[in-house]
Protein chains: 2
Amino acid sequence: MTGLLSPQELEARLRDVGTRRYHSLHPFHRLLHGGRLDFGQVQAWALNRYYYQAMIPVKDSSVLARMEDAELRRVWRQRIIDHDGDHAGEGGIARWLKLTDGLGLDRGYVTSLVGLLPATRFAVEAYVHFVREKSLLEAIASSLTEMFSPGIIEERVAGMLKNYDFVSRETLAYFDNRLTQAPRDADFALDYVKTHARTPEQQQAVIRALEFKCDVLWVQLDALYFAYVDPKMAYPGAFLPTESHAPGERR
Amino acid sequence: MTGLLSPQELEARLRDVGTRRYHSLHPFHRLLHGGRLDFGQVQAWALNRYYYQAMIPVKDSSVLARMEDAELRRVWRQRIIDHDGDHAGEGGIARWLKLTDGLGLDRGYVTSLVGLLPATRFAVEAYVHFVREKSLLEAIASSLTEMFSPGIIEERVAGMLKNYDFVSRETLAYFDNRLTQAPRDADFALDYVKTHARTPEQQQAVIRALEFKCDVLWVQLDALYFAYVDPKMAYPGAFLPTESHAPGERR
């Protein structure tokens, strides 16, 4: 049985989860950032990840609905505002659609979710259900993958701009905002779990929540890899690239 | 817009879903039934599918909880009895554990779910959430994959007995009972949806529910294939076979 960790030890354990399980380690990301995916494979990534982006405010609203403290809600609601914006066409989801636009995907098709891989849907919905069903502490802890996101975003933006002629600073604008939003959100959530995980059981639950969230991200890349990089057979109904510009070579 | 189908046309559309999307078509099943998996890969299949089996009565209890008609509940409760049995060591889940026992997997390890692939967990939980959140009609329709199961069970039992010396009639006893239970359950559910899907919208929802359930089964095999047949990297924490008897050759 693990004893009580100091807040600093808990933080170190959480950072260790990222070192071992964050999706920056996934082979799909190495291909994506290294310019080794073709146009259709990048489309498939953006299309599937759209659903994750679109459900983040649903996830955060579910967390918000469990907070009985106005002070906490005032902080957390900013996440929803960031993703939804103040007007149509603003916010994180709209910026993600600029990326799918830039990749030549029809907006109606993207938002219809018709071409989504089932594993993407299951993983994203698992995240929403997790924050509704687990403790508020675990729900907050599951957001902590944002501790690790600035590194991957910098690598992604630099790599994609360098390697793909079909992306631009403008189509990747989503990530600019995340570079400031994610650390602000992660600092708050990390401080919260370090303060509120007061028993060994709670601390272990917090670590497991972050592992779970790493799984949510990882499974989405597994599904993309299996369906679009090394497919055994076409997934019935899922997005099929109709043209491949193939700016990088396909492994 | 699709118009109203006759009950016979609806049945034909549902059978067509099975022809196109039932997991009998998945390459993992062809390897499993054809003797082309090694011992560790068959272990991984049994271990992961245990969670699906274990959650079936939870799924059916969720359906039962939505039925306001005692006559309907009297029929549906049999599914729970079949899986849980009347005493410890009886029923479908216990029979599945005979299979994992026979494959040399520690029962405590299997039931702890520690070695489960995250995609298995997400897919199975998606099924449970589906029957809680969608209409009762869709919840019942999602069980209709049982229409297609006798064929795959006969193929599986014959293929596995012929090709693997580490399985026996006794360890595969789970499937004997399913050969009579599944058609009985499927006949009832099919009759129910043919009677109760009375609008084009309801009929389309029924078809989509069966497609969804095919996805739930398919994603589990995708995950097994990706993790154990053609792995890109080990999944952090997931089951790793410690010995491979390799009675068939590995592709």
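Here is what the cut-offs are and how they apply
- Residues numbered from 1 in each chain as written.
- Chains lettered and ligands numbered in written order.
- Predicted model: local features only at pLDDT ≥ 70, side-chain atom pairs only at ≥ 80, totals over all residues.
- Heavy atoms only, no water.
- Salt bridge = Lys/Arg side-chain N within 4 Å of Asp/Glu carboxyl O.
- Helix = DSSP H or I, 4+ residues; strand = E, 2+ residues; numbered from the N terminus.
- Buried < 20%, exposed > 50% of the residue type's maximum accessible area, 1.4 Å probe, protein only.
- Contact = heavy atoms within 4.5 Å.
- Buried area = accessible area lost by both parts, 1.4 Å probe.
- UniProt positions renumbered as here; feature names shortened; annotations may be inferred.
- Least-squares fit on C-alpha atoms with pLDDT ≥ 70 in both.
- Expected span 1.5 Å × (residues − 1).
- Bend = angle between axes of the 7 residues up to and from the residue.
- Axes fitted to C-alpha atoms, helices over the stretch in contact; angles between N-to-C directions.
- Parallel < 35°, antiparallel > 145°, perpendicular 65-115°, else oblique.
- Nonpolar A, V, L, I, M, F, W, Y, C, P; charged D, E, K, R; others polar.

## Notes on the pattern of salt bridges
Next up, step 1: Scanning the entire structure with this criterion turns up 26 salt bridges over all chains.
Next up, step 2: With its nearest N and O atoms 3.9 Å apart, the salt bridge here joins Glu211(A) to Arg21(A). Separated by 190 residues along the polypeptide, Glu211(A) in helix 11 (residues 200–229) and Arg21(A) in helix 1 (residues 7–21) bring together distant segments of the chain.
Next up, step 3: Under the relative-accessibility criterion, Arg21(A) is labelled buried at 11%.
Next up, step 4: In this structure, the salt-bridge partner of Asp16(B) is Arg20(B), at a minimum N-O distance of 2.9 Å. Placement of both Asp16(B) and Arg20(B) in helix 1 (residues 7–21) is noted, with a separation of four residues, approximately one turn of the helix.
Next up, step 5: For Asp16(B), a relative accessible area of 33% corresponds to the partly exposed category.
Next up, step 6: Put simply, Asp16(A), Arg20(A), Arg21(A), Glu211(A) and Asp215(A) are held in one network by salt bridges that share partners.

## Considering the interface of chain B and chain A
Next up, step 1: Each partner contributes residues to the interface: chain B has 26 residues there, and chain A has 26 residues.
Next up, step 2: Of the roughly 2300 Å² buried where chain B meets chain A, counting both sides, 74% is carbon and sulfur surface.
Next up, step 3: When residues of chain B are sorted by the area they lose upon contact with chain A, Phe122(B), Phe226(B) and Tyr235(B) head the list and together hold 28% of the total.
Next up, step 4: The interface formed by chain B and chain A contains zero salt bridges.

## Focus on the UniProt feature "domain: Thiaminase-2/PQQC" (unreviewed entry) in chain A
Next up, step 1: The residues that UniProt annotates with the feature "domain: Thiaminase-2/PQQC" (unreviewed entry) are residues 12–222 of chain A.
Next up, step 2: The span residues 12–222 of chain A is 76% helix and 0% strand, and its two end C-alpha atoms sit 27 Å from each other.

## Some points on the relation of the copies chain B and chain A
Next up, step 1: Mapping chain B onto chain A calls for a rotation angle of 180° and an axial translation of 0.0 Å; the resulting RMSD is 0.0 Å. Expressed as an axis order, the relation between the two copies is that of a two-fold axis. When each C-alpha of chain B is compared by its distance to the rotation axis, Phe122(B) comes out closest, at 2.7 Å.
Next up, step 2: Mapped onto chain A, 100% of the interface residues of chain B are again interface residues, and the two copies thus contact each other with one and the same surface.

## Some details on helix 10 (residues 173–196) of chain A
All names here are of chain A.
Next up, step 1: The end-to-end C-alpha distance of helix 10, which contains 24 residues, comes to 35 Å, matching closely the 34 Å that a straight helix rising 1.5 Å per residue would cover.
Next up, step 2: The largest bend in helix 10 amounts to roughly 35° and is located at Leu179, with the proline Pro183 lying one to four residues further along.
Next up, step 3: Considered for burial, the residues of helix 10 that qualify are Tyr174, Phe175, Arg178, Gln181, Ala182, Asp185, Ala186, Ala189, Leu190, Tyr192 and Val193.

## Observations regarding the side chain of Ser149(B)
Residue and element names in this part refer to chain B.
Next up, step 1: Structurally, Ser149 can be placed in helix 9 (residues 149–163).
Next up, step 2: Classification of Ser149 by relative accessible area gives buried; the value is 10%.
Next up, step 3: Among all residues touching Ser149, those that are not within four sequence positions of it are Tyr22 and Ala182.

## Let's talk about the packing of helix 3 (residues 39–64) of chain B against helix 5 (residues 91–102) of chain B
Residues and elements named next belong to chain B.
Next up, step 1: Where helix 3 meets helix 5, the axes come as close as 10 Å, and the angle between the chain directions of the two elements is 170°. Comparing the axis directions of helix 3 and helix 5 gives the class roughly antiparallel. Each of Trp45, Ala46, Leu47, Arg49, Tyr50, Gln53, Ala54 and Pro57 in helix 3 lies in contact with helix 5, whose residues at this interface are Ile93, Trp96, Leu97, Leu99 and Thr100.
Next up, step 2: Of the residues assigned to the contact of helix 3 with helix 5, the class counts are 10 nonpolar, two polar and one charged.

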